[in-house]
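Chain by chain, the residues:
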Amino acid sequence: MKKLTAVLVFLFIVTLAVAQDNTGYQQPPQQILDLVDASTAPSVLLDDVGENVVMLYRDAYKSINELSETELRLGGLRINPKTNIGSRTNYWNNIKVKKATDATAKQISGLPENPRLSNFSWSPNEKMIACLNTTSAGAEVWILDLEKAVVKKVTPASVNANMGDAINWFKDNNAMLVKMLPASRSTIINTAEAVPTGPTISVSDGAKAQNRTYQDLLKNPNDEANFETLAYSELKKVSIGGMVSDFLPKAMYRNISFSPDGSYVMVSEIQRPFSYLVPYTRFPYKEIIYDKSGKNLQTVNEVPLDEVRPKGFMATRTGKRNFSWRADKPSSLVYTEAQDGGDPETKVDYRDIMYELQAPFTGSGDQILKTINRFSGITWGNDNTAVAYDYWWNDRNTKTYLFNPSNGGKEAKIISDRNYQDQYSDPGDFVTKRNKYNRYVLEMNGDNAYLMGDGYSEEGQFPFIDEYNVTTEKTNRIYQTRYTDKKERLYDAIDMKKGKILVRIESKNEYPNYYFRDINKKEALTPVTSFENPYKSLQDVHKEVIAYKRADGLQLEGTLYLPVGYDREKKEKMPMILWAYPREFKDKNSASQSTSNPNEFIYPYYGSPIYWVTRGYVVLDDAAFPIVGEGDEQPNDTFRKQLVGNAKAAIDAVDSLGYIDRTRVGVGGHSYGAFMVANLLSHSDLFAAGIARSGAYNRTLTPFGFQSEERSYWDSPETYNTMSPFMHADKMKTPLLLVHGEADNNSGTYPLQSERYFNALKGLGAPARLVMLPKESHGYRAKESILHLLWEQDTWLEKYVKNKNSLNLKVSEEIKK
């Protein structure tokens, strides 16, 4: 009893000592810091003919000052009301251009001071690129002339990019349709200081509105007023020479889309009433057709407030949806309507029907396609050929249809019917090319189309191109990568007739670079980029994909990294970090497939555990954590059992190779991976410590479904309670580092989740630390935050994993005293 009292006193003193650790931003050890500070390669844009290459440069991270700029969170949006653009927008700060075959890139001239560039938009002829530059006063439109390698400003800082889709080119390449701030605008209400005029009241009229737990929603009339103010814009016609003229008056414009021939423009306008339950994408809206001079021709769709839907992931709203232009016609609209009332529980032969509506866009459209599952997309070809896709979440089924859009009465052929999680059976995506309307349509050579696929198989990953005959439905493989020591990704078909394909090639220690491959000639590669490896300290790290089995025989895999300088002959027992993210499957075959390529470049992004190979740790990254439920059984019915089984199998596999001390294994994960970590520490003794970032730990706070669980809390309360680490906080005895962004906007992962879970752990005496990162969302952006995160993780791992035995010895000595 005396020993127990001593232990409790010691732990209480330690808890008091660290209850509030108000440290400033810290930095990780130099080995990690060097990797964070490494210069990264630019993003690459390439025109469709493979002639001009545009390189966009930016800082890898934002600063905490940038994240601290004014931000309003309204209707699912995050807006900077001073600059009128998304407050979390990524900005580029430099541009270089080159011809694809040139060795070096040219610095463009005319850039503004301290550029913050975004929203890049190619002109139809791909000789120019328009973009926004955000200043302290607002956003401006700039145009890059590729041939002259010069940019110029064409509007003042009065663009309204709050709702996105701010720039749309006219067909003639001489002008753009731009969302601009209205001439008159209401003042933004400071909701923190505004005096309330009454309570905020929401009403349920008896209809079931079972929505996910969205964040950043409107909360009161002041929010409504601010949303309306920020959403209002005027549409202006802006010439490439900078002439600005009126096009459409003030409205809450959402999406804008020109017809392929440029004769018409479809505009969606948000309407009232707004909602406090769903984001702006489900507010009422109208879809209106105008001609290219701005004359109102026809309202083709009026959508009411979309708060109430049937239950289930495959539920959708009733009425016309998915309006778009047919890519192979000059000006034909297509849309879809649900035949099951939007209710997945309603049994029908066909879930959706697609219709075509031609100018003057009056009345109802002509039926051109019926899909068995929920319609999900289409690739247009010509008058007689198009390919459509559907899917059904509940059984993971997807179908591909080959059909004649000119004969709606003829039943479409199903040319692929498969489980979309079955990577080995994936036939690939149809290759497209730009047509005379500058829209992407099927690349056809007579009756032959082409499929480009990732090429996952039991033997490894070997991307391919198949020739597919739309008449005989037979395929002929015309190219497949032969690499076993590199990874090749097929990006785009530049010219199928000539066999010219844009590819990206990389290896474990070779940075990804772009090439033109001539598939008609062996080993015919022409370099497009020549980026160097910025992570030299990792280039000799041993990396391999290991395969192993779960106790029930399910095949699993993980990517194994050994510490820098590790002697594989000596096999010293090292600490290990296991990093994973659970994924749900409806069949064991798909769950057991290998989709990791050992030749992928070793890239240590901010959330990666790979940094710790420089600190003496073995790392098992992207360890397979499938949760399988076949037939009528749902994956989450046995979530905890499968989770622990996955973890044990992974540790056993690496331990059998002789690399690790299995008593010194830490586990980490982000989002649903954090949820995994908390469950593993609560229901197993496999780990020395855990790191859980931006997770949700009490599933009763997401009562109408989470992740891939579509049952509500009231449908299956035992599932929610069994899976919630919060409900089992009394079982937690393993040190847990909780990290969360204070401004997390991801559905379900409220910052409150980590705060309440930490309070429970602390109240029950579990060893835990909660780190709340100011201004950060679900993913972390500021360099100060990321460096501190890495310091926190390194400190935690050093104390509770690598030096676990020393810590236990120290506790024992304190007990003896």
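Along each chain, residue indices are assigned from 1 in the same order as the chain's sequence is written. Residue-level local features of this predicted model are given only where pLDDT is at least 70; pairs of side-chain atoms are given and counted only at 80 or more, and the full residue set underlies all totals for whole chains, interfaces and linings. Side-chain figures throughout are based on the complete set of non-hydrogen atoms in the structure, without hydrogens or water.

Trainee: For this particular structure, what's the right way to read the overall build of the protein?
Mentor: Helix and strand definitions follow DSSP, with helices as H or I runs of at least four residues and strands as E runs of at least two, each counted in order from the N terminus. Helix and strand content of the protein: eleven helices and 49 strands. Over its C-alpha trace the protein gives a radius of gyration of 28 Å, about what one expects of a compact globule, namely 28 Å for 817 residues. When its C-alpha atoms are laid out on the principal axes, the protein stretches across 90 × 75 × 60 Å. Two residues form a contact once any of their heavy atoms are found within 4.5 Å. Restricting the contact set of the protein to residue pairs at least 6 apart, pairs at least 24 apart contribute 59%. Accessibility throughout is a Shrake-Rupley quantity obtained with a 1.4 Å probe, and a residue counts as covered only by protein chains that appear here. For the protein, the accessible area works out to roughly 36,000 Å², and carbon and sulfur atoms hold 47% of it. Counting rule for charge: Lys and Arg are taken as positive, Asp and Glu as negative, and neither His nor the chain ends is counted. For this purpose, a charge sits on NZ of Lys, CZ of Arg, CG of Asp or CD of Glu. Taking the average location of the 100 positive side-chain charges in the protein and that of its 102 negative ones, the two points are 2 Å from each other. C-alpha atoms define the radius of gyration, and 2.2 Å times the number of residues to the power 0.38 defines the globule rule.

Trainee: Can you walk me through empty space enclosed by the protein in this structure?
Mentor: Vacant regions in the atomic arrangement are exposed by a probe of water-molecule size rolled over the atoms. Put simply, the grid is 1 Å and covers the protein atoms alone, a cavity is a trapped set of points that fit a 1.4 Å probe, a pocket is an open set with protein on both sides within 12 Å along at least five of seven lines, and lining residues have an atom within 4 Å of a point. Grid points are joined across faces, edges and corners, and a volume is the space filled by probe spheres set on the points. Counted according to the given criterion, the structure contains one cavity of 30 Å³ or more. Volume-wise, the largest cavity comes out at about 80 Å³. Around the largest cavity, the lining residues are Lys62, Glu66, Leu67, Glu69, Asn80, Thr83, Ile85, Gly86, Ser87, Tyr91, Arg116 and Thr134. Every element with two or more residues in the lining of the largest cavity is listed here: helix H3 (64-67) and strand E5 (85-86). Polar here means any residue other than Ala, Val, Leu, Ile, Met, Phe, Trp, Tyr, Cys and Pro, which are nonpolar, and Asp, Glu, Lys and Arg, which are charged; Gly is therefore polar. Split into classes, the residues belonging to the lining of the largest cavity amount to three nonpolar, five polar and four charged.

Trainee: Mind showing me how you'd approach the sheet that holds strand E23 (residues 366-371) here?
Mentor: Hydrogen bonds along the backbone pair up the strands of a sheet, which may run parallel or antiparallel. Across the sheet, which stays open at both edges, the four strands sit in the order E20-E21-E22-E23 with antiparallel pairing between neighbours. The open sheet has two edge strands, strand E20 (320-325) and E23, and neither has a second partner. The sheet shows a mean angle of 25 degrees between the axes of neighbouring strands, taken without regard to direction. Two elements, E20 and strand E21 (residues 332-338), share four bridges in a ladder whose sense is antiparallel. From the neighbouring strand, tryptophan 325 faces E21, where its bridge partner is leucine 333. We treat two strands as partners when DSSP finds at least two bridges between them. Think of each axis as a best-fit line through the C-alpha atoms, taken over the contacting stretch in the case of a helix, with angles from 0 to 180 degrees between the N-to-C directions.

Trainee: Please clarify how the environment of asparagine 397 should be interpreted in this entry.
Mentor: Tracing the backbone shows asparagine 397 in strand E26 (residues 397-403). Any residue under 20% of the maximum accessible area for its type is buried, any over 50% is exposed, and the rest in between are partly exposed; the area is computed with a 1.4 Å probe on protein chains only. Classification of asparagine 397 as buried rests on a relative accessible area of 12%. Spatially, the C-alpha atoms of asparagine 397 and glutamine 421 are 8.5 Å apart, while their sequence positions differ by 24 residues. Those residues within four positions of asparagine 397 in sequence are excluded, and the remaining contacts are Asn373, Asp390, Tyr391, Trp392, Asp417, Arg418 and Tyr420. Any pair of N or O atoms that falls within 3.5 Å is considered a polar contact. Within protein, one atom must be able to donate a hydrogen and the other to accept it, and sequence-neighbouring residues count only if both atoms are side-chain atoms. Looking at asparagine 397, its side chain comes within polar contact range of the side chain of lysine 399, at 2.6 Å. For asparagine 397, the side chain forms a polar contact with the side chain of aspartate 417, separated by 2.8 Å.

Trainee: Is there a simple way to explain the environment of arginine 212 in this structure?
Mentor: For arginine 212, the position within the fold is in the loop between strand E13 (175-180) and helix H4 (221-231). On the basis of relative accessible area, arginine 212 is assigned to the partly exposed category, the value being 26%. Separated by 446 residues in sequence, arginine 212 and glycine 658 have C-alpha atoms that sit 46 Å apart. Setting aside anything within four residues of it in sequence, one finds arginine 212 in contact with Phe313, Phe704, Gly705, Phe706, Gln707, Glu709 and Ser747.

Trainee: Got a minute to help me understand the sheet that holds E26 in this structure?
Mentor: Read across the sheet, four strands follow the order E24-E25-E26-E27 without closing on themselves; strand pairing throughout is antiparallel. At either margin of the open sheet sits one strand with a lone partner, and together these are strand E24 (374-380) and strand E27 (413-419). The sheet shows a mean angle of 20 degrees between the axes of neighbouring strands, taken without regard to direction. As paired elements, E24 and strand E25 (residues 386-392) share six bridges and run antiparallel to each other. Bridge assignment links tryptophan 380 to a residue of E25, and that residue is alanine 386.

Trainee: Explanation requested: the pattern of salt bridges in the structure shown.
Mentor: Where charged atoms of side chains with opposite charge meet at close range, the side chains can pair. Counted as salt bridges are all cases of a side-chain nitrogen of Lys or Arg within 4 Å of a carboxyl oxygen of Asp or Glu. Summed over all chains, the structure comprises 43 salt bridges. The shortest N-O distance in the salt bridge between glutamate 66 and arginine 116 comes to 3.8 Å. Pair noted here: glutamate 66 is in helix H3 and arginine 116 is in the loop between strand E7 (106-107) and strand E8 (117-122), with a separation of 50 residues, a long-range link. The class for glutamate 66 is partly exposed, based on a relative accessible area of 25%. With a relative accessible area of 18%, arginine 116 lands in the buried category. Between lysine 311 and aspartate 715 there is a salt bridge, and its shortest N-O distance comes to 2.7 Å. Taken together, the residues lysine 311 in the loop between strand E19 (296-303) and E20 and aspartate 715 in the loop between strand E47 (689-693) and helix H8 (717-723) connect sequence positions 404 residues apart. A residue is classified by how much of its surface remains accessible, and lysine 311, at 40% relative accessible area, is partly exposed. On the basis of relative accessible area, aspartate 715 is assigned to the partly exposed category, the value being 40%.

Trainee: How do you make sense of a positive patch on the surface when you look at a structure like this?
Mentor: Candidates for patches are residues over 30% relative accessible area with no salt bridge; among them, like charges are joined within 9 Å and nonpolar side chains (Val, Leu, Ile, Met, Phe, Trp, Tyr) within 5 Å. Judged by side-chain charge, Lys508, Arg568, Lys571 and Lys573 come together as a positively charged surface patch. Looking at where lysine 573 falls in the secondary structure, it is placed in the loop between strand E41 (555-561) and strand E42 (574-580).

Trainee: For this particular structure, what's the right way to read helix H9 (residues 751-763)?
Mentor: Quick reminder: α-helices carry 3.6 residues per turn. Residues three or four places apart thus point the same way. Multiplying one less than the number of residues by 1.5 Å gives the expected span of a helix. An ideal rise of 1.5 Å per residue puts 18 Å on 13 residues; H9 measures up with 19 Å between its terminal C-alpha atoms. Among the residues of H9, Pro751, Gln753, Ser754, Tyr757, Phe758, Ala760 and Leu761 are the ones counted as buried. Looking at the buried residues of H9, the elements they touch are helix H7 (672-683), strand E48 (736-741) and strand E49 (768-773). With its phi angle positive at about 80 degrees, glycine 765 sits one or two positions after the end of H9.

Trainee: I'm lost on the confidence of the model for the protein in this one. Help?
Mentor: Predicted coordinates in regions of low pLDDT should not be interpreted in detail. Overall, the predicted model of the protein reaches an average pLDDT of 94, with 96% of residues at or above 70. Summary of the metric used: pLDDT quantifies the predictor's per-residue confidence within the range 0 to 100. Here residues 1-17 is a poorly scored stretch, pLDDT under 50, and it has six contacts once near neighbours within four places are set aside; other chains count.

Trainee: Teacher, can you tell me more about the side chain of threonine 371 here?
Mentor: You can see threonine 371 is positioned in strand E23. In this structure threonine 371 comes out as buried when scored by relative accessible area, which is 1%. If we ignore the near neighbours within four places in the chain, the residues touching threonine 371 are Tyr350, Arg351, Asp352, Asp390 and Tyr401.

Trainee: Sorry if this is basic, but what is going on with the nonpolar core here?
Mentor: Generally speaking, soluble globular proteins have nonpolar side chains that are buried together. In these notes, a set of buried Ala, Val, Leu, Ile, Met, Phe, Trp, Tyr and Cys residues joined through side-chain atoms within 4.5 Å is what counts as a nonpolar core. Core analysis: the biggest nonpolar cluster contains 56 residues, and Leu578, Leu620 and Phe687 have the highest contact counts within it. Counting 48 residues, the second largest nonpolar core, distinct from the first, contains Leu46, Tyr535, Tyr617 and Leu790.

Trainee: Looking at this structure, how should I read the packing of helix H6 (residues 639-656) against H7?
Mentor: Angle between the axes and distance between the axes: these two values describe a pair of packed helices. Where H6 contacts H7, the axes come no closer than 10 Å and their chain directions differ by 90 degrees. Relative to H7, H6 is oriented roughly perpendicular. Taken together, the residues of H7 that come into contact with H6 (itself represented by Phe639, Arg640, Leu643, Val644 and Ala647) are Tyr672, Phe675, Met676, Asn679, Leu680 and His683. Its residues assigned to classes, the contact of H6 with H7 comprises eight nonpolar, two polar and one charged. In these notes the angle categories are as follows: under 35 degrees is roughly parallel, over 145 is roughly antiparallel, 65 to 115 is roughly perpendicular, and the rest is oblique.

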